[in-house]
Amino acid sequence: MEITKAIIPVAGWGTRMLPITKAIEKCMLPVGKRPIIDYVVQDCLAAGIREFIFVVSEQSSQLEAYYRSNIHLNDYLRRKGKEDMLPLIAPLKANMHFVTQPSYGKYGTAVPVALASDYINMGESAVVLMGDDFMYNPDGSSEVARLIAATPAGECSILAKEVPHESISRYGAIVIDESGHFREIVEKPRPEEAPSDYANIGKYVLTKQVIDSCATIAVSPRGEYELTDAVTRFAQAGGAVKVVPAVGQHLDGGSLDGWLHANNVVCNLIKHNQ
Ligand code: G1P
């Protein structure tokens, strides 16, 4: 079955970017002239995604405002003879749902995915992508399209990249057995205990079964409800999980260093193409 839906959790407070994230939603921080989330959304559109389920915080309004039409701004641009700019502010040509994640509830990546499960039909799969980091392909190719193409029907997949050994503690480490099959993801291991240097980038194709199972995940040793535990549980019950090597550059806007780097990469390319 074709994959046409994306679940995008964006409810995090963005504490690593405070105080700006007190008033600007983390996924709306700018990279170049666009918010971070738009790099995720455009990659999805290029992959044939036509329905977005954004899992937002109770206070979220900017994300929706960005993707809806702004009649006053449209009128202003027309009055000023700047019609050529209208495509820049066109509303998103896809179905959008906004699901609210309560700020006092459970915490962890499995929580928003479970909240979105009603939007996914039986037998269907969806892509799940975090909204504050993205894969950057300057050639315009779609990482999500590659991930979907690499996922056989009824199976799950996970995008991965090799990282320097000392950095693996920032990621889930992917364990692959001798015959090349995915076994588990170990969240944020200390480098000396890491089972691999193969990092989960947090971009998945998941079946309805795995998405539903996020509601019954047990709390992890680090006190969170982990999406990666749902993926591991699926694999340990005999489900196939494909580990797909990332092609593009992984840019992360959720920390100051990551945000600066993302802006350097993207802005340099914008300037170069001008
Ligand atoms: C999540 C995942 C982790 C992954 C990371 C990628 O962690 O749980 O496996 O490596 O995203 O950014 P988080 O950064 O939400 O703590």
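Placed above this text is the structure.
Scoring rules and cut-offs
Along each chain, the written sequence defines residue order, and numbers are assigned to residues from 1. Given that this is a predicted model, residues contribute local features only at a pLDDT of at least 70 and side-chain atom pairs are listed and counted only at 80 or more, while totals for whole chains, interfaces and linings are drawn from all residues. Side-chain numbers here rest on the full set of heavy atoms in the structure, without hydrogens or water. Only DSSP runs of H or I reaching four residues or more are called helices, and only runs of E reaching two or more are called strands; each is numbered from the N terminus. Computation of the radius of gyration draws on C-alpha atoms, with the globule rule given as 2.2 Å multiplied by the number of residues to the power 0.38. Three exposure classes are used, based on accessible area relative to the maximum for each residue type with a 1.4 Å probe and protein chains only: buried under 20%, partly exposed in between, and exposed over 50%. Residue burial considers only the protein chains on display, and all accessible areas are found by Shrake-Rupley using a 1.4 Å probe. By the counting scheme adopted, Arg and Lys are positive, Glu and Asp are negative, and His together with the chain ends is not counted. Note on charges: their place is set at NZ of Lys, CZ of Arg, CG of Asp or CD of Glu. Two cysteine sulfur atoms make up a disulfide if the distance between them is within 2.5 Å. Between N or O atoms, a polar contact is any pair within 3.5 Å; within protein, one atom must be a potential hydrogen donor and the other a potential acceptor, and residues adjacent in sequence are included only when both atoms are from side chains. Note on definitions: a residue-residue contact is assigned when non-hydrogen atoms from the two residues lie within 4.5 Å. One heavy atom within 4 Å of a molecule or strand makes the whole residue count as near it. In this classification, the charged set is Asp, Glu, Lys and Arg, the nonpolar set is Ala, Val, Leu, Ile, Met, Phe, Trp, Tyr, Cys and Pro, and all remaining amino acids, among them Gly, are polar. Note on definitions: salt bridges are taken to be side-chain nitrogens of Lys or Arg within 4 Å of carboxyl oxygens of Asp or Glu.

A tally of regular secondary structure across the protein gives nine helices and 13 strands. Against the 2.2 N^0.38 benchmark of 19 Å for 274 residues, the protein shows a C-alpha radius of gyration of 19 Å, consistent with a compact globule. With the principal axes as the frame, the protein shows a C-alpha extent of 65 × 40 × 35 Å. Taken over 274 residues, the protein has a buried fraction of 48%. Working note: accessible area of the protein is about 14,000 Å², and carbon and sulfur atoms make up 53% of it. Looking at the protein, you have 26 positive and 32 negative side-chain charges, and the mean spots of the two groups are 7 Å apart.

Looking now at the state of the cysteines. Linking two cysteines covalently via their sulfur atoms produces the bond known as a disulfide. Tallying each qualifying case throughout the model produces zero disulfides. We note that Cys267 lacks a disulfide partner, and the nearest cysteine sulfur, in Cys27, lies 18 Å from it. For Cys267, a relative accessible area of 29% gives the class partly exposed.

Cis geometry marks the peptide bond from Leu18 to Pro19; its omega dihedral reads 10°. In this fold, Pro19 is placed in the loop between β1 (5–9) and α1 (20–23). Of note, Lys188 is a non-glycine position whose phi angle comes to about 45°, a positive value. In this structure, Lys188 sits in the loop between β10 (182–187) and β11 (198–207). Judged by relative accessible area, Lys188 falls into the partly exposed class, the value being 36%.

What follows is about the side chain of Lys203. Mapped onto the fold, Lys203 is located in strand β11. Reaching out from Lys203, the side chain makes a polar contact with the side chain of Asp133 at a distance of 2.8 Å. Discounting residues that sit within four places of it in the chain, Lys203 has contacts with Val128, Leu129, Met130, Asp133, Phe134, Met135, Leu147, Ser157, Ile158 and Leu159.

A few words now on the site of the ligand. Surveying the vicinity of the ligand reveals the residues Thr109, Tyr171, Gly172, Glu187, Lys188, Asn200, Ile201, Arg222 and Thr228. Between Gly172 and the ligand, the recorded distance is 2.9 Å, taken from a backbone N or O atom to an oxygen atom. Protein chains bury 77% of the 380 Å² of accessible surface belonging to the ligand in isolation. Residues belonging to the shell around the ligand are distributed by class as follows: two nonpolar, four polar and three charged.

A side chain with one charge may pair with a side chain of the opposite charge, provided their charged atoms come close. Applying the stated criterion across every chain yields a total of 13 salt bridges. In this structure, the salt-bridge partner of Glu187 is Arg222, at a minimum N-O distance of 3.7 Å. With Glu187 in strand β10 and Arg222 in the loop between α7 (208–213) and α8 (227–236), this residue pair connects regions lying 35 residues apart in the sequence. The closest approach of N and O atoms between Asp212 and Lys208, which form a salt bridge, is 3.1 Å.

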